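Residue-level structural notes
Take a look at the letters that make up each chain.
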Amino acid sequence: MAASLVFALEALRMLIKAQDALVGAGASTASEVATYAGLTNAAMGRAGDAACRVMNVLTCFGITVSYLIFIAETMKVVVPALGVSAFGASPTTASMLGLVGPLMIALSWLREMSGVAVISAVGTASVAVGMAVTTATALSNPLQLGALPVANFAAFPGFFGTVAFLFFIHFTLFGIKEAMPQPDKFFGAAVKAFTGAAVIAGLFGVAGAAGFGTGVSSVVVTMLTGPSGIAVQLLLCLNLLSTYPIMAQSALRICENVLEGDKPGSIGAPQALAVRTAFTAGAIWTAANVPNFGVVLGYVGGVCCSILSLVLPAMILYLTQKKVKAEIVPLELARIGGVFVTGITCIVLSIVL
């Protein structure tokens, strides 16, 4: 996790530096490189832009599937506990997806992010409360220190993908930067947020492993029981629902752009809503046929997120420096190479092991 934190922040620094270099040299306007796809296009040309868009859509699609599986698995526990019998004593994943699917589709129709601050606050608050209650519950059990995970290289795909899912989210950050009153303070804010998340997630993982033991569920909140457990599970479902429009927005707009062709903004509301419905409905169908939440996170994080957040940022900065004819000092070149090689290695290990 510590290594992922360091490399994630280094890759983010590279993206911001590439933005500044292109704008400073007059090679692009600020609006042209205000998005991840725009920056990739400016640095790598149409081929790079196309690759970025494909990986962006695949990544967001995989994360959407992960969201749906998490919510469905959680609702399988919550619905019977609430006394709802319409789905039987043991609801299936498919039935819970049918319950939450229409709401996810409706959320995908949100095309304006004017309320992003409120949505983010709701998500952050629900996660904070959920993690606090889960940690307290875990620590109230007899601690099993022997259950704490140790180094196991063969298990790389199982743990790395989940960690990458937490930190390798660079393609979603451009909109947040642009929405800040002082965008120049974005990187400092990102460092604090990423570091804080790493510390909290690390402590949460240790508490969960020691408190729940080796039989802990991949959806850890399903280990909670009683009214407080139900409340936490509903809060975390609320978090995913509230952040879905933000997470998927870049992919949904890319899909809309396919229909627009060379006429940006030409797509009408009915066509846009149809595209967004198809994207989310496809994720719902996939979630109904993927039984393991951890497997989805592993591949999405280990492969797709690594490409977007390690491999491409290194390539973008290198090609940007060449494009604006800026000198690349040996130390910077070594950092670019280190991030690029690390990204390729993570991808290979995620697939091979």
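The structure presented is a predicted model; accordingly, all values stated were derived computationally and were not measured.

This part is about the overall build of the protein chain. Regarding its fold elements, the protein chain presents eleven helices and zero strands. Beginning at the N terminus, the succession of helices and strands in the protein chain can be written as α-α-α-α-α-α-α-α-α-α-α. The buried share of the protein chain, taken over its 353 residues, is 44%. Considering only contacts within the protein chain whose residues lie at least 6 apart along the sequence, 81% involve residues at least 24 apart. Of the accessible surface of the protein chain, which amounts to about 16500 Å², a share of 70% is contributed by carbon and sulfur atoms.

Before going further, it helps to spend a moment on helix α3 (residues 93–108). The terminal C-alpha atoms of α3 lie 21 Å apart, and with 16 residues this matches the ideal 22 Å at 1.5 Å per residue to within 8%. Along α3, the residues classified as buried are T93, M96, L97, V100, G101, M104, I105, L107 and S108. The secondary structure elements touched by the buried residues of α3 are α2 (36–81), α8 (226–260) and α9 (269–288).

The contact between α2 and α9 brings their axes to 9 Å, and the two run at 55°. Between α2 and α9, the interaxial angle falls into the category oblique. The crossing of α2 and α9 is right-handed. Facing V57, C60, F61, T64, V65, L68 and I69 of α2, the residues of α9 in contact are F279, G282, A283, I284, T286 and A287. Taken together, the residues of the contact of α2 with α9 break down into ten nonpolar, three polar and no charged.

Quick look at the nonpolar core now. Membership of the largest hydrophobic core comes to 79 residues, with the highest contact counts inside it found for Y36, L39, L68, Y244, F279 and I316. The element contributing the most residues to this core is α2, with 20 residues. Residues within four places of F279 in sequence aside, it is in contact with V57, C60, F61, T64, Y244, A251, L252 and C255.

Before going further, it helps to examine unusual backbone geometry. For K325, which is not a glycine, the phi torsion comes out positive at approximately 60°. With respect to the secondary-structure elements, K325 resides in the loop between α10 (293–323) and α11 (330–352).

This paragraph deals with the pattern of salt bridges. A full pass over the atoms with the stated rule returns seven salt bridges. Residues R335 and E10 are paired through a salt bridge, measuring 2.8 Å at the closest nitrogen-oxygen approach. Pair noted here: R335 is in helix α11 and E10 is in helix α1 (residues 2–24), with a separation of 325 residues, a long-range link. Take R335: its relative accessible area is 34%, and that puts it in the partly exposed class.

So, about the side chain of E256. As for its placement among the helices and strands, E256 is situated in helix α8. With sequence-adjacent residues up to four places away left out, E256 is seen in contact with R111, I267, A272, V275 and R276.

The rules behind these values
Residues numbered from 1 in each chain as written. Predicted model: local features only at pLDDT ≥ 70, side-chain atom pairs only at ≥ 80, totals over all residues. Heavy atoms only, no water. Helix = DSSP H or I, 4+ residues; strand = E, 2+ residues; numbered from the N terminus. Buried < 20%, exposed > 50% of the residue type's maximum accessible area, 1.4 Å probe, protein only. Contact = heavy atoms within 4.5 Å. Areas by Shrake-Rupley, 256 points an atom, 1.4 Å probe, with all protein chains shown as cover. Expected span 1.5 Å × (residues − 1). Axes fitted to C-alpha atoms, helices over the stretch in contact; angles between N-to-C directions. Parallel < 35°, antiparallel > 145°, perpendicular 65-115°, else oblique. Left-handed = near helix turned anticlockwise from the far one by under 90°. Nonpolar A, V, L, I, M, F, W, Y, C, P; charged D, E, K, R; others polar. Core = buried A, V, L, I, M, F, W, Y, C linked by side-chain atoms within 4.5 Å. Salt bridge = Lys/Arg side-chain N within 4 Å of Asp/Glu carboxyl O.

No statement about biological role is implied by the geometric values presented.
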